[in-house]
Amino acid sequence: MDIFTALKAAVSEENANGELPDFLVPPLLAVAENPQKYHPKEDLVRRLLAQVQAFDPYAGSGCFSESFSADDIRKTLQELG
């Protein structure tokens, strides 16, 4: 499975499980469904995938949290352009 397919699957799974907020789904799917546009920035797409997979709506509330927040995902989306 390529990185873009994996991102699309992770977004769908996390949203269906009620973890990933609905407002993040459209911009994440826009990346996942446009590999030709985002292929040059594949390192950021990999980061985005990791953030989606480790998303936690309560990220940052613990001392040693290894999860990611909506703000983390938004920052990566901004870097992607």
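About the cut-offs
- Residue positions are counted from 1 within each chain, in the order its sequence is given.
- Local features in a predicted model are, by the rule used here, given only for residues with pLDDT of at least 70; side-chain atom pairs are given and counted only at 80 or more, and totals for whole chains, interfaces and linings are based on all residues.
- Computation of side-chain values: all heavy atoms of the structure, hydrogens and water removed.
- Under the DSSP-based scheme used, a helix requires at least four consecutive residues in state H or I and a strand at least two consecutive residues in state E, with every element numbered from the N terminus.
- Any two residues having at least one pair of non-hydrogen atoms within 4.5 Å are treated as being in contact.
- Here the accessible surface of atoms and residues is derived via Shrake-Rupley with a 1.4 Å probe, and residues count as covered only by protein chains that are part of the display.
- What counts as an axis is a line fitted to C-alpha atoms, over the stretch in contact for a helix, and the angles between N-to-C directions run from 0 to 180 degrees.
- Here the angle decides the label: under 35 degrees means roughly parallel, over 145 means roughly antiparallel, 65 to 115 means roughly perpendicular, and every other value means oblique.
- Two helices cross in a left-handed way if the nearer one is turned anticlockwise from the farther one by less than a right angle. They cross in a right-handed way if the turn is clockwise.
- Note on residue categories: nonpolar means Ala, Val, Leu, Ile, Met, Phe, Trp, Tyr, Cys or Pro, charged means Asp, Glu, Lys or Arg, and polar means any other residue, Gly included.
- For every residue, the accessible area (1.4 Å probe, protein chains only) is compared with the maximum for its type, and the residue is labelled buried under 20%, exposed over 50%, or partly exposed between those bounds.
- Think of it as the arc spanned by the lines of direction from the helix axis to the C-beta atoms.
- Pairs of N or O atoms within 3.5 Å make up the polar contacts considered here, provided that, within protein, one atom can donate a hydrogen while the other can accept it, and that residues adjacent in sequence are counted only when both atoms are side-chain atoms.

Asks: Talk me through the overall build of the protein chain; I want residue IDs and the actual numbers.
Replies: Within the protein chain, the secondary structure is distributed over five helices and zero strands. Start at the N end of the protein chain and walk to the C end: the helices and strands fall as α-α-α-α-α. Intrachain contacts of the protein chain at a sequence separation of at least 6 include 62% that bridge at least 24 residues. Surface exposure of the protein chain reaches about 4,900 Å², of which carbon and sulfur atoms provide 51%.

Asks: Can you lay out the environment of His39 for me, pointing to particular residues and giving the numbers?
Replies: Residue placement: His39 occurs in the loop between helix H3 (35–38) and helix H4 (42–53). Between the C-alpha atoms of His39 and Ile3, which are 36 residues apart in sequence, the distance is 9.5 Å.

Asks: Describe the packing of helix H2 (residues 25–32) against helix H5 (residues 70–80), with residues and values.
Replies: At their nearest, the axes of H2 and H5 sit 11 Å apart, and the two run at 40° to each other. Looking at the two axes, H2 sits oblique to H5. With respect to the hand of their crossing, H2 and H5 are arranged in left-handed fashion. Side by side, H2 and H5 meet where Pro27, Leu28 and Val31 of the first sit next to Ile73, Leu77 and Leu80 of the second. A per-class count over the contact of H2 with H5 returns six nonpolar, no polar and no charged.

Asks: Outline the side chain of Gln51, listing residues and values.
Replies: With respect to the secondary-structure elements, Gln51 resides in helix H4. Its relative accessible area of 5% is what places Gln51 among the buried residues. If sequence neighbours within four positions are ignored, Gln51 has contacts with Phe68, Asp72, Ile73 and Thr76.

Asks: Describe H5, naming the residues involved and giving the relevant values.
Replies: For H5, every residue scored as buried is listed here: Ala70, Ile73, Thr76, Leu77 and Leu80. The arc that holds the buried residues of H5, viewed along the axis, is 125°, so those residues lie on one side. What points out from H5, more than 90 degrees from its buried face, is the exposed set Lys75 and Gln78. On its buried face, H5 is in contact with H2, H3 and H4. Of the residues that open H5, the one with a side-chain oxygen 3.3 Å from the backbone nitrogen of Asp71 is Ser69.

Asks: Which residues make up the packing of helix H1 (residues 3–16) against H2, and what are the values?
Replies: With their axes 8 Å apart at the nearest point, H1 and H2 run at an angle of 160° to one another. By the angle class used here, H1 and H2 are roughly antiparallel. In the packing of H1 onto H2, the handedness of the crossing is left-handed. From H1, Phe4, Leu7, Lys8, Val11 and Asn15 reach across to H2, where they touch Val25, Leu28, Leu29, Val31 and Ala32. Class assignment for the residues of the contact of H1 with H2 results in eight nonpolar, one polar and one charged.

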